[in-house]
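# Chain and residue survey
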Amino acid sequence: LVRGTVVALLAYAVEHKARQCDEFWVSFAQANLRAWRVTSGNRRLLEVASEAWSRVETTGEWLAEQAEVDVHLGNYGAAALRFSRLLEEENDALVVLRIAMLYQHGMQHHSQAIALLYRLVTAGDVCGMSGADLLFLLARAYDSWATELETRMQRDNQFEKQREADEAAATAKGMYVKLHSS
């Protein structure tokens, strides 16, 4: 109820041209994002948050929230750019993991996801995940990549990708075997 009231008051301020500095737009965007998190499903709240974010200069302070809005709106390219900028500024393992998942599941850029996940696996236990958890995610990324290549080969008659698909599938299988035996 309180969040809804805050969002309504801020929307009223927008309609009536209240003094609107960066601080106002950031508050407006954050209020809509928080309201969306509570209601989880009202796309209009995300759209309003995105519009508000577009009115402020993008800085590291708000990149994660802006990227979250982009992801939920399906603007994966914009989200990846924001996460990449955030990674340059913070170099946080959780950000690396979020970017990897975005590349793999949102954008189907499996090779980029694999590179980032490999980086996490070699770093050891991160983000509250064990090495085995991270290895499983890496194996899934290889598996998804192999499936994507197989689909592309059959759809577009690109049979030169067969070796690459076979290597990705074999890598995934090897990782699954290693996980199962440990």
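The sections below set out a description of the structure shown in this document. By convention here, each chain's residues receive numbers from 1 onward along its written sequence. In view of the model being predicted, local features appear only for residues whose pLDDT reaches at least 70, and side-chain atom pairs are presented and counted only at 80 or more, with totals across whole chains, interfaces and linings using the full set of residues. Side-chain measures were taken over the full set of non-hydrogen atoms in the model, leaving aside hydrogen atoms and water.

### Re the packing of aromatic side chains
The test is simple: Two aromatic rings from Phe, Tyr or Trp, using only the six-membered ring of Trp, form a pair when their centres are within 6.5 Å; if the ring planes differ by under 30 degrees the pair is stacked, by over 60 it is edge-to-face, and anything between is tilted. Helix and strand assignments follow DSSP, with helices taken as H or I runs no shorter than four residues and strands as E runs no shorter than two, numbered in order from the N terminus. The cut-offs for exposure are 20% and 50% of the maximum accessible area for each residue type, with area from a 1.4 Å probe on protein chains only; residues under the lower value are buried, those over the upper are exposed, and the others partly exposed.
Within the structure shown, the criterion is met by 4 aromatic pairs. Here the aromatic rings of W25 and F28 are separated by 6.0 Å at their centres, their planes lie at 65°, and the arrangement is edge-to-face. Taken as a pair, W25 and F28 lie in helix α2 (residues 22–39) at a separation of 3 residues, close to a single helical turn. The burial state of W25 is the same as that of F28; both residues are buried. Pairing Y142 with W145 gives two aromatic rings, centres 6.4 Å apart and planes at 35°, and the pair type is tilted. Pair noted here: Y142 and W145 are both in helix α8 (residues 131–156), with a separation of 3 residues, about one helical turn. For Y142, a relative accessible area of 18% puts it in the buried group.

### Looking at the pattern of salt bridges
The criterion, for reference: Counted as salt bridges are all cases of a side-chain nitrogen of Lys or Arg within 4 Å of a carboxyl oxygen of Asp or Glu.
Applying the stated criterion to the full structure yields 7 salt bridges. The shortest N-O distance in the salt bridge between E47 and R43 comes to 3.2 Å. Here E47 pairs with R43, and both are found in helix α3 (residues 43–53), just 4 residues apart, close to one helical turn. Assessed through its relative accessible area of 30%, E47 is described here as partly exposed. Among the residues examined, R43 registers a relative accessible area of 44% and is labelled partly exposed. Two residues, E148 and R152, come together in a salt bridge whose shortest N-O distance is 3.7 Å.

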